[in-house]
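Chain by chain, the residues run as shown.
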Amino acid sequence: MTLAMRHQAAMGCPACAAAPAAEDVEVTPEGGQIALSLPTIHCAACISKIEDGLNAHPGVRSARVNLTLKRASIDADEDVTPAEMVSLVEGLGYEAHELDPGTLNATATDKAGRELLMRLAVAGFAMMNVMLLSVSVWSGADDATRDMFHWISAAIALPAVAFCGVPFYRNAWSALRQGRLNMDVPITLAVALAVVTSLWETALSGHHAYFDAAIALVFFLLAGRYLDHRTRAVARSAAEELTALEVPRAWRIEDGQEVERPIAELAVGDVLLVRAGGRVPVDGEIVDGTSELDRSLLTGETVPVFAGPGQAVSAGEVNLTGPLRIRASAVGAETSLHRMADLVAIAESGRLRYTSLADRAAKLYAPGVHILSALAFAGWFLYTFDMRTALNIAAAVLIITCPCALGLAVPAVTTAASGRLFRKGMLIKHETALERLAEVDTVVFDKTGTLTAGVPVLTNAEVLDDAARGVALALARGSAHPLARAIAKALGEAEAKAADVTQIAEVPGYGVSGRVGDLEVRLGRAAWVGAEPAASTATYLQIGEATPVALTFEDALRPGAEEAVAALLRAGKAVWLVSGDTEPAVKALAERLGIEAWHAGVLPEDKARIVAELSDTGAHVLMVGDGLNDTAALAAAHVSISPASALDAARVASDVVLLGTDLSPLADALVVARKARRRITENFRLATLYNVIAVPLAVAGLATPLIAALAMSASSITVSLNALRLSGRRA
């Protein structure tokens, strides 16, 4: 299935924006090209270390790491495998996953931003030169000298206006072709009338031409458009990112042999081998082998689950400890992972229906400007029967009412507000995110990785004596299981010394065993060691025939989580906790944070459904999440936030990225957003007041196009200064 939404823009990571090698990297599906996702890189040192390690491999011709996209693009010999590159990067201490280059569009550089900046520079250069020539005319140059300066101004202004105004002309033409009006239509008409009137005046050796007004108008409007562009990094489609996470190749069992095949060649009924550490490529059923599965990518559940014959598995789950043979029941577009990508694409398209304040103003403003200018032209022509006078006044009305102030009203405020939030550790990605954030009345939190750190922490190490600690440490170091890593970390920090445990072996799906002298020791599941399962997350240590000892774990709170939830509740927001984790874990966290509304064990589509149901009741929902299982809900919410540590697809689906680990700025963001909305409203009022005063003067013939351009510039400066108030501490 072809996903409809394919945006081509890079998502910024301003926490490291100054780092080198953050430029865009093209990902192409050519032979020898390997693409890796590197979700844990965060600075220039990470880039250098990984690039040096990859380039040192004898089969790698070149390797580039993209910090912005957190990807590596590797040009390697045909015999170099993606698995080899993943292992190399993991050996350097970084998480790595293979991406399918065929599902990724080549990432475009910021062409729109560069184009606007280039046109702005040309307009500024032309405006300064035309203004210099105008000084001579307005200082008293007469006759042939005046005409010469006018023609020189025309020679500079006409090509500059034609080139620099292209973004406005293009948008205006597109709107007119669809039978509607937007802000760019009166802008285009104002520029065209100023140029036509100026050429007419110059050809007739008139005293005044308004080339300076035309190019100044274009310059100020381009400045507003560029400000608007810089306040956001247009998100690439989250659906595309999800698709790229699908495993590009799998090991199929053919005549008893393991053969690597592209995913596109798999069919329902194929038996596939998924090695320990590999991601499940299809939906299916386990036919052979035991292991444990990490389902956090899809469900958010922190604890791996036992996997054995007859159990259903889903694409995207990670096989942790032992090889599994799986019979495929759904492949390609029919897998749960691909269906989740479709959910995100649908949710994204729904968000695009949001109408910004500027768009709503344009609906009323643009028709009014045209009608007013046409009436001024008709009135003066009927009064004087002088086409020249009527055109001058019509041009003055169009220029003085040109929506430059309205065009700056939103981007000037969002630039100031975005800068303030960035200093607090939050990146605004979407152009209307601040407006939508100001409307929030309901906040829905994911649990694992959002309110909690997503890493299990050993809570009762004190139940072990020194000898038992040594045995537990030795066994834990022999496993890559998340709970084993938590034990090794806790006991290592407690300076425990590993015991002399021999014959350490991991039993897939159960735990780790070994021997201390004549005693068998085990660390693993309750059923494996003959213990009664605890109510909380736990693993069990058994030494010989002694009673097994339960080692319990909890997921530590993310810094600032309690403060953020408390501040939201004080502000009168409805707060929900929605998680794929188990009911006891979710209930305990909800009670600890004072959250009354919570849901446990929910699937990704359930999260999106809950958000949609809240929205249907009239709530403006802020979704805060970090995982693949949150992406559909993030995209469906009125506005969404994810931490910088979140999965790439979740960050892409979000409107705001929390750059640090602290959640406390979240409540501040809602306050700043409300203040920004108030400043935008004030700017609209200022622009309206300006028009109420200036328009009658223009209609009465008391303002030439040049005076109109100066008045328009003054209004633009006024709204910009009002926006800058938001940067202050007391804004």
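Remember, predicted model here, so these are calculated numbers, not experimental data. (Residues numbered from 1 in each chain as written. Predicted model: local features only at pLDDT ≥ 70, side-chain atom pairs only at ≥ 80, totals over all residues. Heavy atoms only, no water.)

### Focus: the packing of helix α4 (residues 143–164) against helix α6 (residues 184–203)
We apply this condition: To get an axis, a line is fitted to the C-alpha atoms, and for a helix only the part in contact is used. The angle between two axes follows their N-to-C directions and goes from 0 to 180 degrees. Secondary structure elements are defined from DSSP: runs of H or I of at least 4 residues count as helices, runs of E of at least 2 residues count as strands, and each element is numbered from the N terminus. We call two directions roughly parallel when the angle between them is under 35 degrees, roughly antiparallel when it is over 145, roughly perpendicular when it lies between 65 and 115, and oblique otherwise. For a crossing to be left-handed, the near helix must be turned anticlockwise from the far one by less than a right angle; the clockwise case is right-handed. Pairs of residues are marked as contacts when any of their non-hydrogen atoms sit within 4.5 Å. Just so you know the grouping, Ala, Val, Leu, Ile, Met, Phe, Trp, Tyr, Cys and Pro go in nonpolar, Asp, Glu, Lys and Arg go in charged, and all remaining residues, Gly too, go in polar.
At their nearest, the axes of α4 and α6 sit 11 Å apart, and the two run at 155° to each other. With respect to α6, the axis of α4 lies roughly antiparallel. In this structure, α4 crosses over α6, and the sense of that crossing is left-handed. Counted together, His150, Trp151, Leu158 and Val161 of α4 and Val191, Val195, Leu199, Thr202 and Ala203 of α6 form the full contact between these two elements. In terms of residue class, the contact of α4 with α6 is made up of 7 nonpolar, 2 polar and no charged.

### Quick look at the environment of Ala700
Our working rule: The buried label goes to any residue with under 20% of its type's maximum accessible area, the exposed label to any with over 50%, and the partly exposed label to all in between, with areas taken from a 1.4 Å probe on protein chains only.
Counting through the fold element by element, Ala700 comes out in the loop between α24 (665–699) and α25 (705–724). Owing to a relative accessible area of 39%, Ala700 belongs among the partly exposed residues under this scheme.

### Considering the pattern of salt bridges
The line we're drawing: By salt bridge we mean one thing: a side-chain nitrogen of Lys or Arg within 4 Å of a carboxyl oxygen of Asp or Glu.
A complete count under the given rule lists 18 salt bridges for this structure. The salt bridge involving Arg525 is made with Glu292; its shortest N-O contact spans 3.0 Å. Of this pair, Arg525 sits in the loop between β19 (519–524) and α18 (526–529) while Glu292 is found in strand β9 (residues 291–294), placing the two residues 233 residues apart along the sequence. On the basis of relative accessibility, which here comes to 27%, the residue Arg525 falls in the partly exposed class. Its relative accessible area of 6% is what places Glu292 among the buried residues. Between Arg522 and Glu520 there is a salt bridge, with its nearest N and O atoms 3.4 Å apart. The class for Arg522 is partly exposed, based on a relative accessible area of 21%. For Glu520, a relative accessible area of 35% corresponds to the partly exposed category. Residues participating in the shared-partner salt-bridge network are Arg252, Glu254, Arg261 and Asp270.

### Notes on the nonpolar core
Rules: By convention a nonpolar core is built from buried Ala, Val, Leu, Ile, Met, Phe, Trp, Tyr and Cys residues, the set being connected through side-chain atoms within 4.5 Å.
Phe445, Leu451 and Leu622 are the most contacted members of the largest nonpolar core, which totals 43 residues. If you tally residues by element for this core, the top one is α24, at 9 residues. Contact partners of Leu451, with chain neighbours within four places excluded, come to Phe445, Asp446, Leu557, Arg558, Ala561, Val565, Leu577, Leu589, Leu593, Ile595 and Leu663. Counting 33 residues, the second largest nonpolar core, distinct from the first, contains Ala154, Ala157, Ala209 and Ala394.

### Here's the deal with the confidence of the model for the chain
So the rule is basically this: How sure the predictor is of each residue is captured by pLDDT, a score from 0 to 100.
In this model, the chain carries an average pLDDT of 77, and 78% of its residues clear a pLDDT of 70 or more. Across the chain, the element-wise mean pLDDT spans from 50 in helix α8 (residues 238–245) up to 93 in strand β15 (residues 442–445). This stretch, residues 231–240, has a pLDDT under 50; its non-local contacts, to residues over four places away or in other chains, come to 48 contacts.

### Quick look at the packing of aromatic side chains
Counted only if it meets this: Planes of paired rings set the category: under 30 degrees apart is stacked, over 60 is edge-to-face and the rest tilted, where pairs are Phe, Tyr or Trp rings (Trp by its six-membered ring) whose centres lie within 6.5 Å.
In this structure the tally under the stated criterion is 5 aromatic pairs. The interplanar angle of 55° and the centroid separation of 5.2 Å between the aromatic rings of Phe306 and Tyr510 together place this pair among those described as tilted. Residue Phe306 is found in strand β10 (residues 305–307), and its partner Tyr510 is found in the loop between β17 (502–507) and β18 (511–516); the two are separated by 204 residues along the sequence. According to the relative accessible area criterion, Phe306 is partly exposed, its value standing at 29%.

### What about the packing of α4 against helix α5 (residues 166–177)?
Contact geometry for α4 and α5: axes closest at 5 Å, N-to-C directions at 55°. By the angle between their directions, the pair α4 and α5 is classed as oblique. Across from Val161, Ala162, Phe163 and Cys164 in α4, the residues of α5 making contact are Val166, Pro167, Phe168 and Tyr169. Here the contact of α4 with α5 is composed, by residue class, of 8 nonpolar, no polar and no charged.

### Here's the deal with empty space enclosed by the protein
The cut-off we apply is this: Cavity and pocket criteria rest on a 1 Å grid covering protein atoms alone: a 1.4 Å probe that fits but cannot get out defines a cavity, protein on both sides within 12 Å along at least 5 of 7 lines defines an open pocket, and an atom within 4 Å of a point defines a lining residue. Grid points are joined across faces, edges and corners, and a volume is the space filled by probe spheres set on the points.
The tally for this structure, following the rule as stated, stands at 5 cavities of 30 Å³ or more. For the largest cavity, the calculated volume is near 80 Å³. Every residue lining the largest cavity is counted, 11 residues in all, and those nearest its centre are Ser134, His150, Ser153, Ala209 and Asp212. Those elements giving two or more residues to the lining of the largest cavity turn out to be α3 (111–138), α4 and α7 (211–230). In terms of residues, the lining of the largest cavity owes the most to one element, α3, which gives 4 residues. By residue class, the composition of the lining of the largest cavity is 5 nonpolar, 5 polar and 1 charged.

### Structural notes on α4
For clarity, the cut-off: What a helix is expected to span follows from its residue count: subtract one and scale by 1.5 Å.
Compared with the 32 Å implied by 1.5 Å per residue over 22 residues, the 31 Å span of α4 between its first and last C-alpha is a close match. Taken residue by residue, α4 has Arg146, Asp147, Phe149, His150, Ser153, Ala154, Ala157, Ala160, Val161 and Cys164 as its buried positions.

### A few points about the sheet that holds strand β23 (residues 597–599)
Counted only if it meets this: Two strands form a pair only when DSSP identifies at least two bridges running between them.
Read across the open sheet, the 7 strands follow the order β14-β26-β25-β24-β15-β22-β23; overall the sheet is mixed. In the strand order of this sheet, the two ends are held by β14 (426–428) and β23, each with one partner. Sheet twist, expressed as the average angle between the axes of neighbouring strands with direction ignored, equals 20°. As defined by bridge partners, β15 adjoins strand β22 (residues 574–578) across 4 bridges and the pair is classed as parallel. The residue bridging Thr442 from the neighbouring strand is Ala574, located in β22. Here helix α20 (residues 583–593) sits on the sheet in contact with β22 and β23, set at roughly 160° to β23.

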